[in-house]
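# Descriptive analysis of the structure
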Amino acid sequence: MNIFWETIAHYNAGTWIYQVLITLIGIALTYLLFRNPTHKIKVAMKLYLIFLNVWTAAVYYIIYCEPRSYNNALAGFWGVMALFWIYDLKVNYTPFERTHKHTRLAILLCSLPLAYPLFSLARGMSFPMMTSPVMPCSVAVFTIGLLLAFSKRVNIFLVMFLCHWALIGFTKTYFFHIPEDFLLASSSLPALYLFFKEYTASRLHTSTHLRARMINLALLIACGAIGILFMIAMVCELAQEQVLLK
């Protein structure tokens, strides 16, 4: 756990000015994508997402997380995510077309990366040993929110990778004492349900209405069960932290 937080501190101390610039660019592109989604803005957002994933793989994991024994494997994970977006940029599988179905939730998820440092400050941490907006889990929750807002057609494999990362973030809350990752793990649940609900519904047009309802119910039960586990784990984590503080 000490190595984990020390690498975060070194990363924030060495890259904070770049993180500020990256965050400001992300805010501007997100605003433009919601307000005026022209072709150039959509391409710019995909280039930005490619950059975010490459940054996470190369700068965060390979350079600053080198002391961690598993850094190369996680760098590879984010490298694959970058390849997904490079492929998408070429074939335009994710056209960033609004559905206007989940706008409030999507905006909340896109804004959550800004809450990561506030959450760290609220629990008594200070710069540079704190979470920041340009870290793996922050990038993941931002991407989930973006895809949810423009979910008319998305790469389901990319969604699965992001949700897999959310589960990894959930385990880190215990091993590395980082309850901030509950933000990602918890927020991914409704997004996961909505993604797969729409994905299956769009492919069940030839199925019976009963079958579609059964699949929808199965998704709801699965996501609800995971949500209950997350809630129990979060309560236990907070209770343990209160005990330690006393």
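As shown above, the structure is provided for reference.
Reading the values: the criteria
Residues numbered from 1 in each chain as written. Predicted model: local features only at pLDDT ≥ 70, side-chain atom pairs only at ≥ 80, totals over all residues. Heavy atoms only, no water. Core = buried A, V, L, I, M, F, W, Y, C linked by side-chain atoms within 4.5 Å. Buried < 20%, exposed > 50% of the residue type's maximum accessible area, 1.4 Å probe, protein only. Helix = DSSP H or I, 4+ residues; strand = E, 2+ residues; numbered from the N terminus. Contact = heavy atoms within 4.5 Å. Arc of directions from axis to C-beta. Salt bridge = Lys/Arg side-chain N within 4 Å of Asp/Glu carboxyl O. Phe/Tyr/Trp six-rings, centres within 6.5 Å; stacked < 30°, edge-to-face > 60°. Lys NZ or Arg CZ within 6 Å of the ring centre and 35° of its normal.

Moving on: the nonpolar core. Counting residues in each nonpolar core, the largest one holds 58 residues, and the members touching the most others are M45, W78 and L146. Every element with two or more residues in this core is listed here: α1 (2–35), α2 (39–64), α3 (71–91), α4 (103–111), α6 (136–149), α7 (156–175) and α8 (182–202). The element that contributes the greatest number of residues to this core is α2, accounting for 11 residues. If we skip the residues at most four places from it in the chain, M45 touches L29, T30, L33, F96, F142 and L146.

What follows covers α4. Listed as buried for α4 are A106, L109 and C110. Projected onto a plane normal to the axis of α4, the buried residues spread over an arc of 100 degrees and lie on a single side.

Next up on the list: the pattern of salt bridges. Under the definition given, this model contains 1 salt bridge. Across the pair K46 and D88 runs a salt bridge whose closest N-O atoms are separated by 2.8 Å. Residue K46 is located in helix α2, and its partner D88 is located in helix α3; the two are separated by 42 residues in the primary sequence. Among the residues examined, D88 registers a relative accessible area of 2% and is labelled buried.

Take helix α5 (residues 115–122) next. Buried within α5 are the following residues: Y116, P117 and S120. Axial view of α5: buried residues confined to an arc of 95 degrees, hence all on one face. In α5, the exposed positions that point more than 90 degrees away from the buried face belong to L118 and A122. One or two steps after α5, the chain reaches G124, where phi turns positive at roughly 90 degrees.

Looking at where N71 falls in the secondary structure, it is placed in helix α3. Setting aside its immediate chain neighbours within four residues, N71 contacts Y61, I62, C65 and E66.

Locating S120 in the fold gives a position in helix α5. The buried category is assigned to S120, whose relative accessible area is 0%. Counting along the chain gives 11 residues from S120 to T131, while the straight-line C-alpha distance between them is 6.3 Å.

Following the criterion strictly, the structure yields 11 aromatic pairs and no others. Measuring from ring centre to ring centre gives 6.4 Å for Y18 and W55, while their planes differ by 50 degrees; the resulting arrangement is tilted. Pair noted here: Y18 is in helix α1 and W55 is in helix α2, with a separation of 37 residues, a long-range link. Judged by centre distance (5.7 Å) and plane angle (75 degrees), the ring pair of F96 and F150 falls under edge-to-face. Residue F96 is located in the loop between α3 and α4, and its partner F150 is located in the loop between α6 and α7; the two are separated by 54 residues in the primary sequence. Taking the relative accessible area as the measure of exposure, F96 reaches 2% and is therefore buried. F150 gets classed as buried once you look at its relative accessible area, which sits at 0%. Directly above the ring of F96 sits K46, whose terminal nitrogen or CZ lies 5.7 Å from the centroid. Across from the ring centre of F150, 5.7 Å away, lies the NZ or CZ of R98, which sits over that ring.

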